[in-house]
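If you want the building blocks of each chain, they are given just below.
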Amino acid sequence: MISEFYKMSGGGNDFIVIDNTDNSIPESKASGLAEKLCKRQLSVGADGLILICSSKEDDFKWLFYNSDGSVAEMCGNGARCAARFAYINGIAGRSMTFETLAGKIKAEIIDDNSVKVLMTPPLDANFNYSIEIDNKWLEVSSVNTGVPHVIIKSENIADEPLIETGRKIRFHDKYSPAGTNVNFYEITDDSTVAMRTYERGVEGETLACGTGAVAVAITANACENINFPVKIKTRSGATLTIHKQDNNFFLEGEARIIYQGVLNKEAYDYE
Ligand SMILES: N[C@H](CCC[C@H](N)C(=O)O)C(=O)O
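None of the values given here were measured: they were computed from a predicted structure.

(A) Here's a closer look at the side chain of His 149. Tracing the sequence through the fold places His 149 in strand β10 (residues 148–153). Exposure remark for His 149: the relative accessible area of 1% places this residue in the buried category. Of note is the side chain of His 149, whose polar atom sits 2.9 Å from the side chain of Asn 183.

(B) Local environment of the pattern of salt bridges. Tallying each qualifying case throughout the model produces 13 salt bridges. Its salt-bridge partner being Asp 134, residue Lys 168 comes within 2.6 Å of it at the nearest N-O pair. A residue pair is termed long-range when its members are at least 10 positions apart, and Lys 168 in helix α3 (residues 162–170) and Asp 134 in the loop between β8 (123–133) and β9 (136–144) qualify at 34 residues. In the salt-bridge network here, residues are joined through shared partners; they are Lys 7, Asp 14, Arg 40 and Asp 47.

(C) Summary view of the UniProt feature "active site" (unreviewed entry) in the chain. Per the UniProt entry, the sites bearing "active site" (unreviewed entry) are Cys 75 and Cys 209 in this numbering. Annotated residues spanning 135 residues; largest pairwise C-alpha distance 7.8 Å, indicating a single compact cluster. The annotated residues contributing to the lining of the largest cavity are Cys 75 and Cys 209. Here Cys 75 is to be found in the loop between β4 (60–66) and α2 (76–88). The residues contacting Cys 75, other than those within four sequence positions of it, are Asn 13, Phe 15, Trp 62, Phe 64 and Thr 211. Looking at where Cys 209 falls in the secondary structure, it is placed in the loop between β13 (204–206) and α4 (210–224). Residue classification places Cys 209 among the buried positions, given a relative accessible area of 5%.

(D) Structural view of α3. Among the residues of α3, Leu 162, Thr 165, Gly 166, Ile 169 and Arg 170 are the ones counted as buried. Along the axis of α3, the buried residues cluster in a sector spanning 135°; they form a single face.

Reading the values: the criteria
- Residues numbered from 1 in each chain as written.
- Predicted model: local features only at pLDDT ≥ 70, side-chain atom pairs only at ≥ 80, totals over all residues.
- Heavy atoms only, no water.
- Helix = DSSP H or I, 4+ residues; strand = E, 2+ residues; numbered from the N terminus.
- Buried < 20%, exposed > 50% of the residue type's maximum accessible area, 1.4 Å probe, protein only.
- Polar contact = N/O pair within 3.5 Å; in protein donor to acceptor, adjacent residues only side chain to side chain.
- Salt bridge = Lys/Arg side-chain N within 4 Å of Asp/Glu carboxyl O.
- UniProt positions renumbered as here; feature names shortened; annotations may be inferred.
- 1 Å grid on protein atoms, 1.4 Å probe; cavity = no way out; pocket = protein on both sides within 12 Å on 5 of 7 lines; lining within 4 Å.
- Contact = heavy atoms within 4.5 Å.
- Arc of directions from axis to C-beta.

This is the structure in structure tokens:
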């Protein structure tokens, strides 16, 4: 069914990227394929699968799947990787637009180390409210930056029980049925924060989250006067930069090609 793929990393969030402009992977098979290929140890392993498909209106359309096979409307780190993939494979020029379920995304190849993405307008921002977790009240904020995010300020993100608390918020009634991603952030200085993310659809911690970084930057600016451009230190130690121009938010950062590979049938044909 398929053979060649790229393994890419956007700040530690890793993806399998496949040129599907020939439609060799039917959309009906994509979710199951994502689940199989993203399994670490049993297959290639990744946080998500990105299929680059042809588009009548834009340079391309993408289909994005989390590692559990669920579809996500948008992925900031994945968008940078998709843009770099499209550019080096002649599918798009240095400036491009592509279709996602969250809307049209503009991306620009800055240089070999950096891609800049114009994010979709943030929606449903709600700052400093409380939710009940295990009979205790927790102060949170939330905003949709292409996908839903809850954001929590922490004095020390390393000490946060991210998986335990993240999972409870991800499945909290307030955010059902779609659920949400959960981010903890810690202020480093007046324009730098460090963050950790529990990601919906990965159902665990990822080493970076692009839409989460934008959600954290918007919240830290609104609630803590953190200045744009906001520098975000990811769990992997990479830096993502969030720019604000008028009411537009841009996510800038690396989109690394780890390796190119050829899939053996056993990469997805296993129990
Ligand atoms: N797991 C997310 C989608 C990917 C977001 C993240 N990887 C990013 O870089 O924005 C969700 O289902 O909402």
